[in-house]
Amino acid sequence: MSDFTVIGDIGETLKKLLEDDPWSGISPKPEITFKSPKEIKDDGGSTNKVSIFLYQILENPYLKNEEPQRINDTHLQSPPLSLNLTYLVTPYSEDKTQEKIILGKVMQIFHDNAILIGTVLQGDLSGTDEEIKLLFNPISLDDLTKIWSAFQEVAYRLSVSYMVTPVRIDSTREISIQRVVSKEMNQSHMVPK
């Protein structure tokens, strides 16, 4: 179970996956950031970087109608809010060939960790029984262009999208229930005329 901090915990999980890799053959090891492409442009610098920018949060339509969960004999908890988090992953380097190598390495790391469980998860999710999927999320060039056009004065860069799902935020709303303690039956007979 997770609380409202779970969105940040997922970001930290992705960042730690990338930071813990040795990045053999890539020097310098990229700095992992949550900054948007606009913020990175304004940031400057020539170091290798990977931006994992959360750009969209949607409710998971398949888990929207879950049943309330039983807390005890007199209370139910409303179902959690189940989300899909979508990230734009963008490599940065002064060398365009190096950017492609960095992106390939990120995609390899994410592919090898497509199911996030146990101690891989960070924050309040660490050590829980949550199973969260990290999915490559191909988007059309048209949609990618629309995303990049939101970053004014920033030229398009090679990037890919990943979806993390389901990310659950527990509800704090409880529903009181009463047990059935007696049963009444009313019967009536129809008398033929």
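Data block above holds the structure.
Note that the structure is a prediction, hence the values are computed from the model and not measured. (Residues numbered from 1 in each chain as written. Predicted model: local features only at pLDDT ≥ 70, side-chain atom pairs only at ≥ 80, totals over all residues. Heavy atoms only, no water.)

1. Quick look at unusual backbone geometry
Piece 1. Note the cis peptide between S27 and P28, where omega equals -5°.
Piece 2. Residue placement: P28 occurs in the loop between α1 (6–20) and β1 (31–33).
Piece 3. Here the residue pair T165 and P166 is connected by a cis peptide bond, since its omega of -15° sits within 30 degrees of zero.
Piece 4. Even without glycine at this site, W23 takes up a positive phi of about 55°.
Piece 5. As for its position among the elements, W23 is in the loop between α1 and β1.
Piece 6. Assessed through its relative accessible area of 1%, W23 is described here as buried.
Piece 7. Phi is positive for E153, which is not a glycine, with a value near 65°. (Helix = DSSP H or I, 4+ residues; strand = E, 2+ residues; numbered from the N terminus. Buried < 20%, exposed > 50% of the residue type's maximum accessible area, 1.4 Å probe, protein only.)

2. With respect to the sheet that holds β1
Piece 1. The strand order β1-β2-β5-β8-β7-β6 describes an open sheet built from 6 strands, whose pairing is mixed. Only two strands of the sheet have a single neighbouring strand rather than two, namely β1 and β6 (115–117). In this sheet, adjacent strand axes meet at a mean angle of 25° when their direction is disregarded.
Piece 2. As judged from the 3 bridges shared by β1 and strand β2 (residues 49–59), these two strands associate in the parallel manner. (Pairing = 2+ DSSP bridges. Axes fitted to C-alpha atoms, helices over the stretch in contact; angles between N-to-C directions.)

3. Digging into a nonpolar patch on the surface
Piece 1. Among the surface-exposed residues, L141, Y156 and L158 lie close enough to one another that they form a single nonpolar patch of about 310 Å² accessible area.
Piece 2. As for its position among the elements, L141 is in helix α4 (residues 141–149).
Piece 3. For L141, a relative accessible area of 61% gives the class exposed. (Patch = residues over 30% accessible without salt bridge, like charges linked within 9 Å, V, L, I, M, F, W, Y side chains within 5 Å. Areas by Shrake-Rupley, 256 points an atom, 1.4 Å probe, with all protein chains shown as cover. Salt bridge = Lys/Arg side-chain N within 4 Å of Asp/Glu carboxyl O.)

4. A word on the side chain of E99
Piece 1. For E99, the position within the fold is in helix α3 (residues 96–112).
Piece 2. You can call E99 buried: its relative accessible area is 5%.
Piece 3. If sequence neighbours within four positions are ignored, E99 has contacts with P91, Y92, S93 and R157. (Contact = heavy atoms within 4.5 Å.)

5. Digging into the pairing of β2
Piece 1. Pairing between β2 and strand β5 (residues 81–92): 10 bridges, direction antiparallel. In the sheet register, L54 faces β5, and the bridge partner there is Y87.

6. Things to note about the pattern of salt bridges
Piece 1. The tally for this structure, following the rule as stated, stands at 7 salt bridges.
Piece 2. In this structure, D21 engages K105 in a salt bridge whose closest nitrogen and oxygen atoms are separated by 3.4 Å. With a gap of 84 residues between them, D21 in the loop between α1 and β1 and K105 in helix α3 connect regions that are remote in the sequence. With respect to class, D21 is no different from K105; both count as buried.
Piece 3. Put simply, K133 and E131 hold a salt bridge, and the shortest N to O gap is 4.0 Å.
Piece 4. Shared partners join several salt bridges into a network, and the residues in it are K96, E99 and R157.

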